[in-house]
Amino acid sequence: MSYEPYPNQPGATPQSAGSWQQPQGSASWNFDGGAPQQPLGWRPPPKPGLFPLRPLSFGEIFSATFRLLRVNVAASFGGAFLIQLITGLVTAVLPTIALIIGINRISMAAVGDQDALALSMMTWLLLALLPGIVLSLISSSLVQVIVAQVVAAGTLSRKLTLGEAFRTAWGRVWAVLGYVVVVAVASILIMGILLLPIIFFIVILVQNDNPVVLLLLLGIFLVLAGMCFFFWVNTKLLVAVPSIVLEGYGPISAIARSWRLTNGYFWRTFGIWILVSLIVSVATQTISGIFSFFFSFTSVLVPFGQTTTGQEGVVIGVGIGMALLSVLLSTVLQAISTVLLGGNAAIMYTDLRMRKEGLNIHLQQAAEDYNEGREPGRDPWTAPDLGPAAPPAGYAPQQPYPQQNFGQPAGYGQAPYGQAQPGQQPYGQQTYEQQGYAQPGYGQAQAGQERPYQPYGASPASDNPPSSPYASSGAGEQSGNDSGAGTDSGNGTDQANGPAQHRPF
């Protein structure tokens, strides 16, 4: 039977380094030079999202909040900047137009009509501010909705475009706006109710002879009480907007929902919120102060007084440029603050639900569905409450074992190696009682056995064989740890206890 030799085998045809072909068969691999094919049905795990899908620590919440400025920037920061820029321009333009028109009418009117026109101008200024206020409320609500949606998408490793963010946000803007109005009206009513007894108490103090100290103490108490009330209410209502956006609650039910979620986690929620707010406030104020300091030097380049004659265009251009830069800077800082504070509230809302309702289970399932290229069976944010993690049935907490005194542990207090303990001889000097065991010599039969085989030509062995000059006389040399067995030092022969026995050579 002939066969083809393998390469490099004697008699094989020389081949180049890259010409050898792997034999194909049931036990071969197909190296086609491309990427290895994935096993059927296997997919890589989902990409990590904005934060891990489990209850979060303080550091994870803090880092995820500032990561929003790098994750989906177009929808989060871009949307907030665009909305607030348009709102700022509209809010500034309408009162400016009303002011210019009013001043122009007053300058052209008769002296007797100027007072009436001035009063009319003030009325128009107030009316021009109303559209800006309404637009500011709507834009603020819209930005909060967009930021909450960006956080929800980032949780599942997805991104929203700016168009998708605007289209999906309009459905919940009015509910968020209703919540803002309800909270504002309720705050005004509560403050009014609390101010009535305060005003009455102030009137009584004023009637005294020296009410300065009492009024000062009352003022300090009111300021502290007002701050505590403000922080308490804001903390309890911190996650109301994410509840409206992601779960579809109404304004009143969202307040109750936020109140329940923060139960048991008030101080944790308050601490994270106040720390992030302080960091954002200090950072924005610092940046604004630095730019204002540099802007103040530009006044040196602007002519003033008599030097402005013939240079009105320069003055107007510099003034407009400074105003635009100031508006852009304030808009950027306001957009960053809104994204960070709104995103922090949405992240803490998700963390509270994962801790109290097992939301992370639904989010993990939805992330796996998106990773496999299909839509989730249901919205994970509206999935049923699974409750906090509970121990399995029949589980009982382990009871601590009772402490028992077992005395000193084994080996405790032993003498160093080579030294004897009390009542014991040093190592290597112990004496052992020798026990003798009768062993037959070489060539002798034991009890009940025949004589051993004799060599050819040898004389029959007797009980008293003749001594040999080469045989060792005397007892063999015994070792200290041998149990009575003698060892012949010369010939390696065994001897039994008792009379010396000689064997033939």
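S.K.: Just give me the short version of the overall build of the chain, but keep the residues and values in it.
M.R.: Along its length, the chain carries 10 helices and two strands. Sorting the 505 residues of the chain into buried and exposed places 26% on the buried side. Partitioning the contacts of the chain with sequence separation of at least 6, the portion at a separation of at least 24 is 70%. Counting only carbon and sulfur atoms, one obtains 64% of the accessible surface of the chain, whose full area is about 34,300 Å².

S.K.: So what's going on with the nonpolar core? Residues and values would help.
M.R.: A general tendency of soluble globular proteins is for nonpolar side chains to be buried together. Judged by nonpolar contacts, the single largest core of 62 residues is most densely connected at Phe51, Ile146 and Ile347. Looking at this core element by element, the count peaks at 11 residues for helix 3 (residues 114-155). Leaving out residues up to four positions away in the same chain, Ile347 has contacts with Leu50, Phe51, Leu56, Ile61, Ala64, Thr65 and Val151.

S.K.: Kindly report on the pattern of salt bridges, identifying the contributing residues and their values.
M.R.: Scanning the model with the defined rule gives nine salt bridges in all. Of the charged contacts, one joins Arg54 and Glu60 as a salt bridge, the two residues approaching to 2.5 Å between their closest N and O atoms. Judged by its relative accessible area of 38%, Arg54 falls in the partly exposed class. In this structure, Arg268 and Asp351 form a salt bridge, with 2.8 Å as the shortest nitrogen-oxygen distance. Note that Arg268 is positioned in helix 8 (residues 266-296) and Asp351 in helix 9 (residues 312-357), a separation of 83 residues in sequence. Classification of Arg268 as partly exposed rests on a relative accessible area of 27%. Among the residues examined, Asp351 registers a relative accessible area of 0% and is labelled buried. In the salt-bridge network here, residues are joined through shared partners; they are Glu247, Arg257, Arg353 and Glu357.

S.K.: Explain unusual backbone geometry to me, using residue names and the numbers behind them.
M.R.: Not every positive phi belongs to a glycine, and Asn72 is a case in point at roughly 55 degrees. Of note, Ser157 is a non-glycine position whose phi angle comes to about 60 degrees, a positive value. Mapping Ser157 onto the fold places it in the loop between helix 3 and helix 4 (162-206). Take Ser157: its relative accessible area is 34%, and that puts it in the partly exposed class.

S.K.: Any details on a nonpolar patch on the surface? Residues and values, ideally.
M.R.: Taken together, the side chains of Ile190, Met191, Leu194, Leu195, Ile199, Val203, Phe229, Trp232 and Trp259 define a hydrophobic patch exposed on the protein surface, amounting to about 770 Å² of accessible area. Among the elements of the structure, helix 4 and helix 5 (212-236) are those that each provide at least two residues to the nonpolar patch. With six residues, helix 4 is the single largest residue contributor to the nonpolar patch. With respect to the helices, strands and loops of the structure, Trp259 is situated in helix 7 (residues 251-261).

S.K.: Which residues make up the packing of aromatic side chains, and what are the values?
M.R.: Counted under the stated rule, the structure contains 14 aromatic pairs. A ring pair is formed by Trp232 and Trp259, whose centres lie 5.3 Å apart and whose planes are at 90 degrees; its orientation type is edge-to-face. Of this pair, Trp232 sits in helix 5 while Trp259 sits in helix 7; the two residues are 27 residues apart in sequence, bridging distant segments of the chain. Three or more aromatic residues joined by ring pairs make a cluster, and in this case those are Phe230, Phe231, Phe266, Trp267, Phe270 and Trp273. The residue whose ring lies beneath Arg158 is Tyr370, and the NZ or CZ to ring-centre distance is 4.6 Å.

S.K.: Mind laying out helix 6 (residues 240-247), listing which residues take part and the relevant values?
M.R.: What sets the pattern is the α-helix's 3.6 residues per turn: residues three or four places apart point alike. Within helix 6, eight of the eight residues are buried, which leaves the element mostly enclosed by the surrounding structure. Every buried residue belonging to helix 6 is among Ala240, Val241, Pro242, Ser243, Ile244, Val245, Leu246 and Glu247, and all of these are buried. One or two residues past the end of helix 6 sits Gly248, with phi positive at roughly 80 degrees.

S.K.: Would you mind going over the packing of helix 4 against helix 6 in detail, with residue names and values included?
M.R.: To describe two helices that pack against each other, one gives the angle between their axes and the distance between the axes. It is at 10 Å that the axes of helix 4 and helix 6 come closest, and there the two elements cross at 155 degrees. With respect to each other, helix 4 and helix 6 are oriented roughly antiparallel. The chirality of how helix 4 crosses helix 6 is right-handed. On the side of helix 4, the interface is formed by Arg172, Ala175, Val176 and Tyr179, while helix 6 contributes Ala240, Val241, Ile244 and Val245. Residues that form the contact of helix 4 with helix 6 fall into these classes: seven nonpolar, no polar and one charged.

Rules of the game
Residues numbered from 1 in each chain as written. Predicted model: local features only at pLDDT ≥ 70, side-chain atom pairs only at ≥ 80, totals over all residues. Heavy atoms only, no water. Helix = DSSP H or I, 4+ residues; strand = E, 2+ residues; numbered from the N terminus. Buried < 20%, exposed > 50% of the residue type's maximum accessible area, 1.4 Å probe, protein only. Contact = heavy atoms within 4.5 Å. Areas by Shrake-Rupley, 256 points an atom, 1.4 Å probe, with all protein chains shown as cover. Core = buried A, V, L, I, M, F, W, Y, C linked by side-chain atoms within 4.5 Å. Salt bridge = Lys/Arg side-chain N within 4 Å of Asp/Glu carboxyl O. Patch = residues over 30% accessible without salt bridge, like charges linked within 9 Å, V, L, I, M, F, W, Y side chains within 5 Å. Phe/Tyr/Trp six-rings, centres within 6.5 Å; stacked < 30°, edge-to-face > 60°. Lys NZ or Arg CZ within 6 Å of the ring centre and 35° of its normal. Axes fitted to C-alpha atoms, helices over the stretch in contact; angles between N-to-C directions. Parallel < 35°, antiparallel > 145°, perpendicular 65-115°, else oblique. Left-handed = near helix turned anticlockwise from the far one by under 90°. Nonpolar A, V, L, I, M, F, W, Y, C, P; charged D, E, K, R; others polar.

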